[in-house]
Every structure is written in structure tokens, then in C-alpha cells.
Amino acid sequence: MQDTPPVILGDEPGSFPYSVLTERHPAIIRQVSEAFPYGPERRAALDALLDDCTKGVIEPLPADAHDRDRWREWGAAAYAGRPWTDVPWLWAESYFYRRLLAAVGYFTPGTWQGVDPFRPAKLAELDSEETDEELAALDDLADLSEPEQDRALLHGSLWGNRADLGFRLSAADGTTPGGTPPLVADDSAALWSLLRPTGTAELLCLVADNAGRELIPDLLLIAHLLTRGRVQRAVLHVKSYPYFVSDATPADVLDALRRLRSAQGEARAYGDALWAALTDGRLAVRAHPFSCAPLPYERMPDDFRGEFAPATVTVLKGDLNYRRLVGDRKWPPTTSFADVTAYFPGPVAAVRTLKSEVITGLDAGTEAALTAAEDQRWRTSGTHALIQVRR
Ligand SMILES: O=P(O)(O)OC[C@@]1(O)O[C@H](CO)[C@@H](O)[C@@H]1O
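What counts and how
- Residues numbered from 1 in each chain as written.
- Predicted model: local features only at pLDDT ≥ 70, side-chain atom pairs only at ≥ 80, totals over all residues.
- Core = buried A, V, L, I, M, F, W, Y, C linked by C-beta atoms within 7 Å.
- Buried ≥ 20, exposed ≤ 12 C-beta atoms within 10 Å, placed from the backbone.
- Helix = DSSP H or I, 4+ residues; strand = E, 2+ residues; numbered from the N terminus.
- Pairing = 2+ DSSP bridges.
- Axes fitted to C-alpha atoms, helices over the stretch in contact; angles between N-to-C directions.
- Expected span 1.5 Å × (residues − 1).
- Arc of directions from axis to C-beta.
- Near = placed C-beta within 6 Å.
- Nonpolar A, V, L, I, M, F, W, Y, C, P; charged D, E, K, R; others polar.
- Domains from an automatic or database assignment.
- Contact = placed C-beta atoms within 7 Å.
- Parallel < 35°, antiparallel > 145°, perpendicular 65-115°, else oblique.

Draft legend 1. Layout of the nonpolar core. Formed by 67 residues in total, the largest nonpolar core has its most connected members in L204, L206, I222, A234 and A349. Among the elements that take part in this core, helix α10 (residues 215-227) stands out by supplying 9 residues, more than any other. Of all hydrophobic cores here, the second largest spans 30 residues; its members include I8, L21, L90 and A103.

Draft legend 2. Region of the structure containing the sheet that holds strand β5 (residues 313-317). One open sheet holds the 7 strands; their spatial order is β1-β7-β6-β5-β2-β3-β4, and the pairing between them is mixed. Bordering the open sheet on either side are β1 (183-186) and β4 (283-286), each of which pairs with just one other strand. Going across the sheet, the axis of each strand differs from the next one's by a mean of 15°, ignoring polarity. Note that strand β6 (residues 348-353) and strand β7 (residues 385-390) share 6 bridges and pair antiparallel. If you follow V348 over to β7, its bridge partner there is R390.

Draft legend 3. Spatial organisation of helix α2 (residues 40-55). Look at α2: 22 Å from first C-alpha to last across 16 residues, which is about the 22 Å you get at 1.5 Å a residue. Listing the buried residues of α2 in full gives R42, L49 and C53. Across the axial projection of α2, the buried residues extend over an arc of 35°, all falling on one side. Facing away from the buried side of α2 by more than 90 degrees, the exposed set consists of P40, A44, D51 and K55.

Draft legend 4. Main features of the site of the ligand. Near the ligand, the surroundings consist of V20, E93, N161, D209, N210, F244, G318, D319, L320, R323, K355 and S356. Looking at the shell around the ligand element by element, the count peaks at 4 residues for helix α14 (residues 318-326). Looking at the shell around the ligand residue by residue, the classes come out as 3 nonpolar, 4 polar and 5 charged.

Draft legend 5. Local environment of the domain arrangement of the chain. Per the domain assignment, the segments making up the chain are domain 1 (16-117) and domain 2 (122-390). For domain 1 versus domain 2, the separation of C-alpha centres amounts to 28 Å. Facing the 16 residues of domain 1 at the interface are 17 residues of domain 2. Of all elements in the fold, only α1 (16-35), α3 (68-79) and α4 (89-103) reach the threshold of two or more residues within the side of domain 1 that touches domain 2. Among the elements that line the side of domain 1 that touches domain 2, the one with the most residues is α4, at 7 residues. Considering only residue class, the side of domain 1 that touches domain 2 consists of 12 nonpolar, 2 polar and 2 charged.

Draft legend 6. Up close: the packing of α1 against α4. It is at 11 Å that the axes of α1 and α4 come closest, and there the two elements cross at 10°. Considered as vectors, α1 and α4 are oriented roughly parallel to each other. Residue-level contacts link P17, V20, L21, H25, I29 and V32 of α1 to W89, A92, E93, F96 and L100 of α4. Split into classes, the residues belonging to the contact of α1 with α4 amount to 9 nonpolar, 1 polar and 1 charged.

Draft legend 7. View of α14. In terms of residue burial, α14 counts as a mostly covered element, since 9 of its 9 residues are buried. Here α14 has its buried residues at G318, D319, L320, N321, Y322, R323, R324, L325 and V326. Structurally, α14 contributes buried residues whose contacts are with α4, β2 (201-207), β5, α15 (337-340) and β6. One or two steps after α14, the chain reaches G327, where phi turns positive at roughly 90°.

Following this line, the structure appears as C-alpha cells:
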């Protein structure tokens, strides 16, 4: 493998990571403070965090924090006292969400314990007309052949990561503003060869990304594979607490399930199938503490590795999971995806729309065409996507 390139920091003014730390995080604090009628104590804590993010340095967690030791191991000991923009971007973002939850009292006994500050926005998306339309589209799906259904549901899950369109039957044939193909890499044939209709696949792990209009198509894909006997069991990995605004937690899985089961037609049948699979154990939901770790998956603890090791394939959804899978580094785009994911326990698939700079596994011609048409915008605009598989 080539020399390992540097980790992405948030220290370049004008860069996307810098804008996330200096503009997006303050905006999220303001949005959260309007989501609920937090009292003076919580508001003061949110104001202090805002001050900290805009002018200050990284503060350690308080001495009585339940997870202080874990965070020290994850890097807080080394990074405390340094500016937010000078530490790995992935680390700074993850720590921000941990601090935000502390500010709203998520971990403290009292009114706000366990209250997801992002839930109002998540529910609004789940209950939107767009979701109604996507669920109604399932009725037409039932008339398609199984390979067509496979493709539609995989693409629904893929483009659900952009949360704008559920069931594209021809996404790979469409075009983008630059005239380049939407999919920059497409190993879907390799993915389907692991999930053959003969039903030999023992276990699918799906590491979810966002709740709402991404989680719904993820659940539909799982339901399809289970009901067709294409996998015997599935485990859905979600976040252990609210994270990156819209990331899915166990509560979001239940909300999505409620949404499906209160729909009509095929959508309801999918919801019932998922309910049955949860009830009899063919489907399980996990929320490991490492799901919100500020670290690449290469550093996952042994018990988490053990969750993925028996899987026929682990599918990782979304941009953040991709950053954690390959390491949030300035890889040359032609770096081998197989090499950088060789550490992962078992076959692994990335299903992601491109929303940050990190990319591996492109062929040189594809990279040249994308850059000629769009400069570097293809990396972050969310108009491109990939399906990459390491068997
Ligand atoms: O994981 P997701 O939902 O696909 O994307 C997460 C994301 O919006 O958050 C980060 C910026 O904060 C970027 O990595 C990425 O664009």
C-alpha cells in the first residue's frame, strides 16, 4: 500500500471541514435551543458551548461524566486544551455532539434525560408528504421482477443517503449537472453475488446512517432480503445516542417502523414483515458505544469486530461511515478500496453519496473525467454516489 496520507483537519479557512466547525456547529446549537423549551440552566450551557466552539479550545469532560474514561482513551487526554480546528476533523465533530448532548441534559437525571434534541426535525421528515410518496411507490414495485426490485431497493437505500428520492429505477443511467454518471463506482454485482436468491447468506449487517427518509429504505431493503430468504438473519447497527443531527438511534428505528405499519398497501406489509422479524429474532438492532466513537473503524474494539466477523457482508451506509471505514485521510482517489479496508472483519460494502472530500477506489479515467467536468465539486455536492465492495 502507498504511504498513509495525513488525517483531515479542520484548520484550513475556506475548506468544508473548517466551515462545519466554525459555521455549521454554531448554527446547530441555535437550532437545538429552539427545538424545546429548555430552561435557564440548559440555555446557559448551550451558550457556553457556543462560546467554546467559536472562541475557545476543547474542554475535557467533567470529572463525573459517565464516559470520561472512554473519551480520554479515544483522544480527549491528548486534544483537551487545543483549538477545535487543530485536531482531526472527525474527532472534533464527534466530540461536539457529545458536548451538545451534555449541554441539553441528555445524560443527566431530570426532564431532558434521554430527550433527542433532533427528534422534532426527524419526525417532521418522517411524516412528510415526500415520505408518503415514496411509500406509495412500493405498490408499483411489487409488479417488477426480483432483479428489478433488488436494484430499486438498493438504489432507494443509496440515494436515501441524500434523502431526496427513494426508488430510482434508473439512477445509474442518469446524468449530473457536469454530465458525468451519478455512480462513480458500482460494485453492485459483487454485492448481489454475496446475497444470492439461493438463500445461502447467513447474516447481513447493515450499519445505518440517517434516520427518516434514509432509514426507511434501509429497512425496506432488509425486509426484502429477509422475506425472500436471501439472508437468514440481519443486524441493524444504529447510533447509541443522537449524533450528526440526523443519525439513526434505536428510537428512530421504532418511529420508522410505526410509520411503515401505519401506511397502506405494500408499505404496511413491509412494516409487518419487519415487526415479525424483530419478534422472532431474524432481525436485531444494536447500538454499540463505538458507533459514536470519534475514530476510524480500524480501531474498533474486539467485541465490535466480533459483531461483524460472522457476517456474509457488512453494508456501511453514508458519508460518515465511509470516512470511518477508510480513515478520514487525504487519500489519492485511486487508492485501492480493498487495501484500505483489508482490516475489516469479513466482506464489506460501502453504499454512500459523496458529501465530503474522502474517496478511494476510483479508476484514473473516472477521476479525470469528474475533475475535468466539475473541478473538485463532485466530491462534496451529494450528486454522486458509490457502491464499493471488498469480498
Ligand atoms: O453520513 P452522512 O449523513 O452521509 O453525511 C454526514 C455529513 O453531512 O456530515 C459531515 C459533515 O459534518 C460530512 O462528512 C458529511 O457530509
